[in-house]
Amino acid sequence: MTRTYRLDDGRQTLVLAAHADRLPVVAYWGARLPADEDLATLAAAGALDVTGGMLDENPDLSICPETSRSFPGQTGLIVQETNGTPITPHFRFESESVAGGLALTYRDAVNGLSLIASFAVDPQTQMITCQTTLDADRPVRLRWLAAPVMPAPQLSDEMIDVSGRWCGEFQLQRTPWSAGIRLRENVTGRTGHEHFPALIVPCRGATNTMGEAYAFHYGWSGGHRMVAEELIDGRRQIQFGHSAGSDLAPATRFETAPLYITYSDSGLNGCAVSFQRHLRDRVVTWPKPNTPRPVHYNCWEAVYFDHKLPVLKDIAEHAVKLGAERFVLDDGWFGVRDDDTTSLADWVIDGRKYPDGLTPLIDHITSLGMTFGLWFEPEMINTDSDTYRAHPEWVLGPPDQILGRQQMVLNMALPAVRDYLYERIAAILADNAIDYIKWDHNRVLPMQDAAQTRGTYALLARLRNAFPLVEIESCASGGGRIDFGIMQHTQRVWLSDSNDAKERLRIQHDAALFLPLSVTGSHVGPRHCHTSGRVLDISFRAWVAAQRHLGFEMDPRELDAHETAVLTHVTAWWKANRNWMQTADILRLESADPAVIAEQQLAADKSRFVVFAGKAETSAQIVPRPLRLTGLDQAAMYHIALINRDEAHHLSRGTPALKSGVMTLSGAYLMRHGITLPWSFPERMWVVEGAKQ
Ligand code: DGJ
């Protein structure tokens, strides 16, 4: 007997099939199947042959491959008795439930284990969320638990995963498939700049806009493990879970984080749109769902630790004139924090800098019409702090550990630590008109520990429950903690500490494979970029920030009249467009010119779009190559306009039509030929708006 299960969302079909009482295999995952496909026949059709030098049957590549079934690769579960004795699980079907998604329960009566695999499909976002839970009838030690294990296509030559560094997040790495394992294991205890937990498997020939692709994201902030393995028989499996061994204590229940998976028949963009929509519309909970994203001002790169009330008030007055709507007071307001060596965990307003508390500053900011946000780094402690002197036992890891940014990490698994942090943060939120927290995390853990991540999530949940209107940004030296796990508790990410627009252009482009505009903070930095030393034109800086959730982070008093005018103009444009842009899909365009990084933001109803074509380098060829658009209606006509054509340099002396006004062209032309932009210097952005007729 074969049990079969089918999940459909209109774009993709996932079929699970289990022979007798065995764990199921994914018998099919891909483009939608006809409704009358016979699933038992389909399952039988995929059975592999056997020849010499093989076992007499091919072991199942099940949702949790088992050693007990001679699986010739990485197994989905490694578990031990508390004394270290290995357990060899052998699961048998127990029950199934289809209410609110598919849940399948398997039992290993001999070893006293139960395995539950769940799958939920979302027809709007076309995302499948799956998860594995292990129950034991006595405490056991977990070494490895994979979320439901998925096959990867064999008509695929490479896989794409994500690495990065401080100021260089979301670097895509392409690795050819070959026999054996591609392993990503993040043992740092924090998602990190280096380990965004995701994998994209494009089928042969797939591009941003065309072809088939499969994508995976593991929604966990404590470090993940990914196994992409090609078995000897050619089959390929993808496993995601917490980093191995990061559940330190024996327990009777272990759960993976949700694994988000999707199949696209419209290139990498199909996967990107599913992630963007799912994160924005399902994972994030918005304190005020129908309000526009406010323009931020953040004072970090203006004043650093040097907080002076008259200066901050003056800066706020400048910022509001540019269009800022929320003022975020960054690091330096608490303890005696004059540099980064001291005071973390002493969450008491610094009376030297703020003798009357934060009220005079907040009152000034609210009188200007802005709301107020405040920086915290709750999970951290400096040894030079009153809190450390009182509670050295609250620190995670050994006393002689290597510090990170001169700081240690609080043990978030301890209820006393969470209570202390809750009380300190809640007191400040209760006493002050604060609608936003920038929640920082500036070092990796001294050791991996899943309980740390769970403790942080619990603190975030408690604070959000008590202060449901306060928004929280996830920052970790920029983009060091970005994942759908932390985003269940937060609403914005500080994508990178790099405010260098040239670098940001690339980081934003690659991060858009997963992140929508509404959560992605992007600030206009100082004229002289503090992290790269580059000097960039204000238009370029402003337009790059306007691609995402716009903010400013320079000292606005440095702006000259031209810079002020440009920034005010671009901010006004962003405010006029943010309502539709914050629900738009970000589509990465194929650029025939590698010097150009381009995207198209397409409104949810597809009635309008904006194209950002950023020239990151000097082009190899002398004039721009046409830029093909995507996602349009072939037969429809579109008005298109180059809205910043006044930025054309006099060295652009030809007459491309976009330089002189609005044109009306078909979707077919725009997608098959593309738009012809004027020549420009490098480090410039062209912005083209389109509206369907
Ligand atoms: C690191 C963050 O990424 C910066 O934006 C800033 O908040 C500093 N920490 C403050 O110490």
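Structure report, in brief. These figures come from a predicted structure and were not determined experimentally. (Residues numbered from 1 in each chain as written. Predicted model: local features only at pLDDT ≥ 70, side-chain atom pairs only at ≥ 80, totals over all residues. Heavy atoms only, no water.)

Before going further, it helps to spend a moment on the site of the ligand. By nearness alone, 13 residues border the ligand, and D330, D331, K438, D440 and D497 come closest of all. A distance of 2.6 Å is found between an oxygen atom of the ligand and a side-chain nitrogen or oxygen belonging to D331. Its residues assigned to classes, the shell around the ligand shows four nonpolar, three polar and six charged. (Near = heavy atom within 4 Å. Polar contact = N/O pair within 3.5 Å; in protein donor to acceptor, adjacent residues only side chain to side chain. Nonpolar A, V, L, I, M, F, W, Y, C, P; charged D, E, K, R; others polar.)

Its place among the elements puts V162 in strand β11 (residues 158-165). Residues V162 and P197, spaced 35 residues apart in sequence, show a C-alpha to C-alpha distance of 7.3 Å. Discounting chain neighbours no more than four positions away, the residues touching V162 are F170, Q171, L172, R184, E194, H195, F196, A198 and F514. (Helix = DSSP H or I, 4+ residues; strand = E, 2+ residues; numbered from the N terminus. Contact = heavy atoms within 4.5 Å.)

Time to look at the sheet that holds strand β22 (residues 371-376). What links the strands of a sheet is backbone hydrogen bonding, and the strands pair in either a parallel or an antiparallel sense. Around the barrel, which closes on itself, the eight strands sit in the order β20-β21-β22-β25-β26-β27-β28-β29 with parallel pairing between neighbours. Here the strands of the sheet are splayed against their neighbours by 30° on average, with no regard to which way each runs. Relative to strand β29 (residues 549-552), strand β20 (residues 296-298) is paired through two bridges, and the arrangement is parallel. When the bridges of β29 are listed, H296 appears paired with G551. (Pairing = 2+ DSSP bridges. Axes fitted to C-alpha atoms, helices over the stretch in contact; angles between N-to-C directions.)

On to the nonpolar core, then. One finds F216, F327 and L329 to be the most contacted residues of the largest nonpolar core, which totals 167 residues. Filtering out sequence-adjacent residues up to four positions away, L329 remains in contact with C299, H307, L312, Y354, L358, L361, F372, G373, L374 and W375. Core analysis: the next-biggest nonpolar cluster, separate from the first, contains 23 residues, L627, L632, I675 and W686 among them. (Core = buried A, V, L, I, M, F, W, Y, C linked by side-chain atoms within 4.5 Å. Buried < 20%, exposed > 50% of the residue type's maximum accessible area, 1.4 Å probe, protein only.)

Across the interface, helix α4 (residues 309-322) lies against helix α5 (residues 359-367) with an axial gap of 10 Å and an inter-helix angle of 15°. In this view, α4 runs roughly parallel relative to α5, as classed from their interaxial angle. Where α4 crosses over α5, the handedness of that crossing is right-handed. Side by side, α4 and α5 meet where L309, L312, K313, A316 and E317 of the first sit next to P360, L361, H364 and I365 of the second. For the contact of α4 with α5, the residue count by class is six nonpolar, one polar and two charged. (Parallel < 35°, antiparallel > 145°, perpendicular 65-115°, else oblique. Left-handed = near helix turned anticlockwise from the far one by under 90°.)

All right, on to the packing of aromatic side chains then. Considering all chains together, one arrives at 27 aromatic pairs under this definition. Where F216 meets F240, the ring centres are 6.2 Å apart and the plane angle is 25°; that geometry is what we call stacked. Within this pair, whereas F216 is found in strand β15 (residues 213-218), its partner F240 is found in strand β17 (residues 236-242), the two being separated by 24 residues in sequence. For F240, a relative accessible area of 1% corresponds to the buried category. Ring geometry for Y297 against F327: centres 5.4 Å apart, planes inclined by 40°, an arrangement best described as tilted. In this pair, Y297 sits in strand β20 while F327 sits in strand β21 (residues 326-329), placing the two residues 30 residues apart along the sequence. An aromatic cluster of at least three residues, connected via ring pairs, comprises W29, Y214, F216, Y218, F240 and Y263. For the cation-ring pair, R504 lies above W494, with the distance from its terminal atom to the ring centre recorded as 4.6 Å. (Phe/Tyr/Trp six-rings, centres within 6.5 Å; stacked < 30°, edge-to-face > 60°. Lys NZ or Arg CZ within 6 Å of the ring centre and 35° of its normal.)

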